[in-house]
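# Remarks on the overall topology
If you want the building blocks of each chain, they are given just below.
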Amino acid sequence: DYQLPLAGRTVTVSGGGTREPLDPVRFLGNRSSGKQGVALAVAARNAGATVRLVAAHMEVPAPAGVDLVTVETALELREAMLAAAADSDVVIMAAAVADFRPAEISGTKIKKRDDTADPVISLVRNPDILQELVEVRDHAPENQASRRSQLIVGFAAETGDGQGDVLTYAEAKLKRKGCDLMVVNHVGTDKVFGQDSNSVVILARSGAEPQLAAGTKTEVSAAVITRVGYELNHVSP
Ligand code: C5P
C-alpha cells in the first residue's frame, strides 16, 4: 500500500522578499524572486502535504493547490508565520527577510527640497523569525507532542573563501538559530537570487553527514522535501 511521504502533514513555507516601507510610495527591498519558496511549496504539495505558502514579494506566480497568504513586511511575515506554525508539522523559512526596517515610516511622500539637508534613513532591527519559531516550538507544553516535534527548516546564503568556510559559518548559524535542517547556498561569484538553479548542502542539527543537492530549484526542493519526509517518518517519534 503506497502512501505519499507527506500525506496527512501540514507544511508552511515562506517565500519571496520582504519590503519595508519608507513612505507611501517607497520601500527597502531585496532581489529574492520567490522561485525557491514556490518550488518548495510545489514539492511539498506533490508529496501529499496540505501546504500554506506565506508569500512576501515574489516575481513568479503562486502555484495552484496551496493556501496563499500574502504579506509585505518582516513584521507581517512574522505574524503570519507564527499563526500558521501553530498547526504545522513542518515550517520552512525560505523568505528573504529584511534584517532592518526604517525606524520611521513617513505618512507622506518624502520630499526633495533644496532648502533642507539630505535625508538620513535610520534603521531598526527586525526580529529573527526563524529563531522565534524555534523558541515557540520548544516552549510548547509537554503534552502537545505533535507541536513539540515540529520540524523547522532554515535557509542560509553564505559567502566564504572556500567550501570549508561556508560550512563552518553555516554550522554556527544552524546552532544559533536552533532549526532542525539548514539548507545552505554557497553564494560566491555565481548569483543565486533570481537564478533557476542552485547547489546546496543540507545540514542537520542531529549532526548527520552534510547532504549535497544540486540542480534546478525544483530539483533542490524535491531533495529538501524528501529529506523532510525522511526526518518525519524515520527520525522523530
Ligand atoms: O541570518 P540569515 O539571514 O542568514 O538567516 C537566514 C535564514 O533565517 C532564512 O531561513 C531566513 O528566512 C531566516 N530569517 C528570518 N528572520 C530574519 C532573517 C532571516 O527568519 N529576520
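Please read these numbers as outputs of a predicted model, since none were measured by experiment.

### Focus: the sheet that holds strand β12 (residues 211-216)
Spatially, β5-β4-β1-β6-β9-β10-β11-β12 is the arrangement adopted by the 8 strands of the open sheet, whose pairing is mixed. Strands at the two margins of the open sheet, each flanked by one partner only, are β5 (67-70) and β12. Adjacent strand axes in the sheet meet at a mean angle of 20°, parallel and antiparallel pairs treated alike. Bridge analysis of strand β9 (residues 151-158) against strand β10 (residues 181-186) gives 6 bridges, and the strand direction is parallel. Bridging across to β10, Glu 158 finds its partner in His 186. Lying over the sheet, helix α2 (residues 74-85) contacts β1 (10-15), β4 (50-55), β5 and β6 (90-93), oriented at roughly 160° with respect to β6. On top of the sheet, helix α3 (residues 129-138) reaches β6, β9 and β10; it is set at about 160° to β9, its chief contact.

### Digging into a nonpolar patch on the surface
A surface patch of nonpolar side chains, amounting to about 330 Å² of accessible area, comprises Leu 28, Phe 100, Ile 121 and Leu 123. By secondary structure assignment, the location of Ile 121 is in the loop between β7 (100-102) and β8 (123-125).

### Comments concerning the pattern of salt bridges
As enumerated under the stated definition, the model contains 11 salt bridges in all. Between Glu 158 and Lys 173 there is a salt bridge whose closest N-O contact spans 2.9 Å. Here Lys 173 lies in helix α5 (residues 163-177) and Glu 158 lies in strand β9, a separation of 15 residues in the sequence. Like Glu 158, the residue Lys 173 is buried in the burial classification. One network of salt bridges, with partners in common, ties together Arg 137, Asp 138, Asp 180 and Arg 205.

### A closer look at the packing of α2 against α3
Between α2 and α3, the shortest axis-to-axis distance is 10 Å and the interhelical angle comes to 25°. When the interaxial angle is binned, α2 and α3 end up roughly parallel. The interaxial crossing formed by α2 with α3 has right-handed handedness. Across the interface between the two elements, Ala 74, Leu 77, Arg 78, Met 81, Leu 82 and Ala 85 from α2 touch Ile 129, Glu 132, Leu 133 and Val 136 from α3. Among the residues making up the contact of α2 with α3, the classes are represented as 8 nonpolar, no polar and 2 charged.

### Notes on the UniProt feature "binding site: CTP" (unreviewed entry) in the protein
UniProt's entry tags Asp 99, Lys 109, Pro 127, Asp 128, Ile 129, Leu 130, Phe 155, Lys 173 and Lys 177 with the feature "binding site: CTP" (unreviewed entry), counted in the numbering of this structure. For this annotated set, covering 79 residues, the C-alpha atoms extend up to 38.3 Å from each other, a dispersed arrangement in space. Among the secondary structure elements, Lys 109 is positioned in the loop between β7 and β8. Apart from residues no more than four positions distant in its own chain, Lys 109 is found in contact with Asp 23, Pro 24, Val 25 and Arg 26. Overall, Ile 129 belongs to the buried group, its relative accessible area being 3%. Among residues more than four places away in sequence, those in contact with Ile 129 are Ala 74, Leu 77, Arg 78, Met 81, Met 93 and Val 97.

Parameters at a glance
- Residues numbered from 1 in each chain as written.
- Predicted model: local features only at pLDDT ≥ 70, side-chain atom pairs only at ≥ 80, totals over all residues.
- Heavy atoms only, no water.
- Pairing = 2+ DSSP bridges.
- Helix = DSSP H or I, 4+ residues; strand = E, 2+ residues; numbered from the N terminus.
- Axes fitted to C-alpha atoms, helices over the stretch in contact; angles between N-to-C directions.
- Contact = heavy atoms within 4.5 Å.
- Patch = residues over 30% accessible without salt bridge, like charges linked within 9 Å, V, L, I, M, F, W, Y side chains within 5 Å.
- Areas by Shrake-Rupley, 256 points an atom, 1.4 Å probe, with all protein chains shown as cover.
- Salt bridge = Lys/Arg side-chain N within 4 Å of Asp/Glu carboxyl O.
- Buried < 20%, exposed > 50% of the residue type's maximum accessible area, 1.4 Å probe, protein only.
- Parallel < 35°, antiparallel > 145°, perpendicular 65-115°, else oblique.
- Left-handed = near helix turned anticlockwise from the far one by under 90°.
- Nonpolar A, V, L, I, M, F, W, Y, C, P; charged D, E, K, R; others polar.
- UniProt positions renumbered as here; feature names shortened; annotations may be inferred.

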